[in-house]
Amino acid sequence: MSAGSDSAVGEQPAGKPKKAAKESKSANRAASAPEPGPGASTGSGAPGGPAGQGESSVPGGPAAPDAPDAPAKPDAPVKAARKQAARKQAVGKQAVGKQAAPRKAAVKEAPAEPAAKAARKAPAKAAEKAPAEPAKAAKKAVAEPAKTAKATKKAVAKPTKAAKTAEAAKPAKKAVAPARAALKPAKPESHVAMVRRARRINRELAEVYPYAHPELDFRNPFELLVATVLSAQTTDLRVNQTTPALFAAYPTPEELAAADPEAVEQLIRPTGFFRAKTKSIMGLAAALRDEFGGNVPGRLEDLVKLPGVGRKTANVVLGNAFGVPGITVDTHFGRLVRRWKWTDEEDPVKVEAVVAEIFPKSEWTMLSHRTIFHGRRICHARRPACGACPIAPLCPAYGEGETDPEKAKKLLKYEKGGFPGQRLSPPPDYPGLPAPPLEAG
Ligand code: SF4
């Protein structure tokens, strides 16, 4: 707006309201077209810009003097009202412009309700106080609340977005939680859980090997005692193939005790370590003859005093010849209970003590047979057939051996692999074939 137009309004004579109104309209039209003038900031009064110090009657107009030399005339109130309305508009726009910060703040902290209310009130007041400009002022007054309404919507919507973001962040936190959990070491199995699992393994093995039995051929406690001593460092099959000739020649402790050592050595030669083993079996035969009347004692403490007899041999004899429960911790038994995490002990005596705590006495002997059966047929020392193992779901060592079912199947031994067993005279319920005699083997 130019200074000229302003002075023209100020020169309108009193008593000519129509002309004044025309002038007022032309002044308004001019005001609607921003025309920066000297000394005025182009951004002054513009929405969002600094206030125009109240000098420009129209937002965006130059800082024009209020025609100081013009006489006071009756249309002055109209002009003043127009100026005041324009100032209010400027203030209203400023209020709107200044909403930006509160809006942002509202997103984070509180709803933008106060800012929105302020924005609504400012134009509304301007409209009330500027009746001379009903059209534009009213339009702006209406338009501003519309903008404010949008702003309010945005202000309301933004927290919603923020809320969505917060919601989206929640799964991220959840996603972190399992990762942290994964880093935690697996919860160690409680003793109670281990005992339950161990007993379940025993039950499963009972179904897999219902025919489990000692794999040494024997007809009495003496034969079982001698055969067990001979089984050290060799297979039960080799012992079973050897003992028929030995017991045929020396069927009692007295006869064996009185035998020619060299003849005994030749008979048991296939079992290996035959000289040492000859001394052991001839020594225990003499002890049975001299100390126990030619009978095998049925007590552990007596058996372990015999030459070449340890706890393992004593338990085998007690369990299978006397019906006294015993745990046989041989190489297979020790290896498997460690794989099953029943114990980490290597010492057979300690292993026996641990296992004795897990199972009732009534299970000791058959548990030993089932475990040894499993070690010989499926859970081998070097290459266990995990892929064909019926207790794999209960075994912490699953995967230590071959897991491919077809490959694992080829690793099975004895009756599980379709081959003969170790005994030449197996029990009637044995599903496999009897072992061949020594000459045939
Ligand atoms: S799963 Fe493997 S290691 Fe475990 S008992 Fe079976 S064969 Fe042995």
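Cut-offs and rules
Residues numbered from 1 in each chain as written. Predicted model: local features only at pLDDT ≥ 70, side-chain atom pairs only at ≥ 80, totals over all residues. Helix = DSSP H or I, 4+ residues; strand = E, 2+ residues; numbered from the N terminus. Contact = placed C-beta atoms within 7 Å. Core = buried A, V, L, I, M, F, W, Y, C linked by C-beta atoms within 7 Å. Buried ≥ 20, exposed ≤ 12 C-beta atoms within 10 Å, placed from the backbone. Near = placed C-beta within 6 Å. Nonpolar A, V, L, I, M, F, W, Y, C, P; charged D, E, K, R; others polar. Axes fitted to C-alpha atoms, helices over the stretch in contact; angles between N-to-C directions. Parallel < 35°, antiparallel > 145°, perpendicular 65-115°, else oblique. Left-handed = near helix turned anticlockwise from the far one by under 90°. UniProt positions renumbered as here; feature names shortened; annotations may be inferred. pLDDT = per-residue confidence, 0-100. Expected span 1.5 Å × (residues − 1).

*Asks:* How would you sum up the overall build of the protein chain? Please name residues and give values.
*Replies:* Scanning the protein chain from N- to C-terminus turns up 18 helices and zero strands. Nonlocal contacts in the protein chain, meaning residues at least 24 apart in sequence, comprise 60% of its contacts between residues at least 6 apart.

*Asks:* I'd love a proper account of the nonpolar core, names of residues and values included.
*Replies:* Counting 30 residues, the largest nonpolar core has Leu225, Ile281, Leu284 and Val317 as its most contacted members. Of all the elements, helix H8 (residues 221–230) adds the most residues to this core, at seven residues. Leaving out residues up to four positions away in the same chain, Leu225 has contacts with Leu284, Val296 and Val317. Among the nonpolar cores identified, the runner-up in size contains 26 residues, and Ala198, Val337, Trp364 and Leu411 belong to it.

*Asks:* Could you give an account of H8, with specific residues and numbers?
*Replies:* Among the 10 residues of H8, eight are classified as buried, and the element is accordingly described as predominantly covered. The inward-facing, buried residues of H8 contact helix H9 (236–249), helix H10 (253–257), helix H11 (261–268), helix H12 (274–291) and helix H14 (311–321).

*Asks:* Which residues make up the site of the ligand, and what values do they have?
*Replies:* Within the structure, the ligand sits among 14 residues, and Cys379, Pro384, Cys386, Cys389 and Cys395 are positioned closest to it. Across the shell around the ligand, the residue classes break down as 11 nonpolar, one polar and two charged.

*Asks:* Explain the packing of helix H7 (residues 191–208) against helix H17 (residues 361–377) to me, and be specific about the residues and the numbers.
*Replies:* Running from amino to carboxyl end, H7 crosses H17 at an angle of 70°, the nearest separation of the two axes being 10 Å. Here H7 lies roughly perpendicular to H17, going by the angle between them. Helix-helix and strand crossings are classified by hand; for H7 and H17 the assignment is left-handed. On H17, the residues touching Asn202, Leu205 and Ala206 of H7 are Glu363, Leu367, Arg370, Thr371 and His374. Here the contact of H7 with H17 is built from residues that sort into three nonpolar, three polar and two charged.

*Asks:* Give me the UniProt feature "binding site: [4Fe-4S] cluster" (unreviewed entry) in the protein chain: which residues, what numbers.
*Replies:* The positions that UniProt labels "binding site: [4Fe-4S] cluster" (unreviewed entry) are, in the present scheme, Cys379, Cys386, Cys389 and Cys395. Taken along the chain, the residues just named run across 17 residues; in space they keep tight, none of their C-alpha pairs more than 10.8 Å apart. Along the chain, Cys386 turns up in the loop between H17 and helix H18 (405–409). The residues contacting Cys386, other than those within four sequence positions of it, are Ala392, Tyr398, Gly399, Glu400, Gly401, Glu402, Thr403 and Ala408. You can see Cys395 is positioned in the loop between H17 and H18.

*Asks:* Can you tell me about the packing of helix H15 (residues 331–339) against H17, naming the residues and giving the values?
*Replies:* Where H15 contacts H17, the axes come no closer than 8 Å and their chain directions differ by 85°. As far as their axial angle goes, H17 and H15 are roughly perpendicular. Judged by residue contacts, His332, Phe333, Arg335 and Leu336 of H15 engage Ser368, Thr371, Ile372, His374, Gly375 and Arg376 from H17. Residue composition of the contact of H15 with H17, grouped by class: three nonpolar, five polar and two charged.

*Asks:* An account of the environment of Phe373 is requested, with residue identities and associated values reported.
*Replies:* Its place among the elements puts Phe373 in helix H17. Residue Phe373 is classed as buried on the basis of its 23 C-beta neighbours within 10 Å. Through-space distance from the C-alpha of Phe373 to that of Ala212 is 6.7 Å; in sequence the pair is 161 residues apart. What Phe373 contacts, discounting residues up to four positions off in sequence, is Tyr209 and Ala212.

*Asks:* I'd like a description of unusual backbone geometry, backed by residues and values.
*Replies:* Among all residues except glycine, the phi angle is most often negative; among peptide bonds, the trans geometry is most common. Here the phi dihedral of Gln233 falls at roughly 65°; this positive angle occurs in a residue that is not glycine. Its place among the elements puts Gln233 in the loop between H8 and H9. Judged by local crowding, Gln233 falls into the exposed class, with 11 C-beta atoms found within 10 Å. One non-glycine residue, Lys341, adopts positive backbone phi at about 65°. Counting through the fold element by element, Lys341 comes out in the loop between H15 and helix H16 (348–358).

*Asks:* Before we move on, can you summarise the confidence of the model for the protein chain with the specific residues and values?
*Replies:* Residues with a pLDDT of 70 or more make up 58% of the protein chain, whose mean pLDDT is 73. Counting interchain partners and residues more than four positions distant, the pLDDT-below-50 stretch residues 1–78 has 99 contacts. Segment residues 90–181: pLDDT under 50, and 88 contacts once partners within four positions in sequence are set aside and those in other chains are kept.

*Asks:* Before we move on, could you go through H9 and cite the residues and values that matter?
*Replies:* For H9, spanning 14 residues, the distance from its first C-alpha to its last is 20 Å, which sits close to the expected 20 Å at 1.5 Å a residue. Buried within H9 we find Asp236, Leu237, Val239, Asn240, Gln241, Thr242, Thr243, Leu246 and Phe247. Where H9 is buried, its residues contact H8 and H11.

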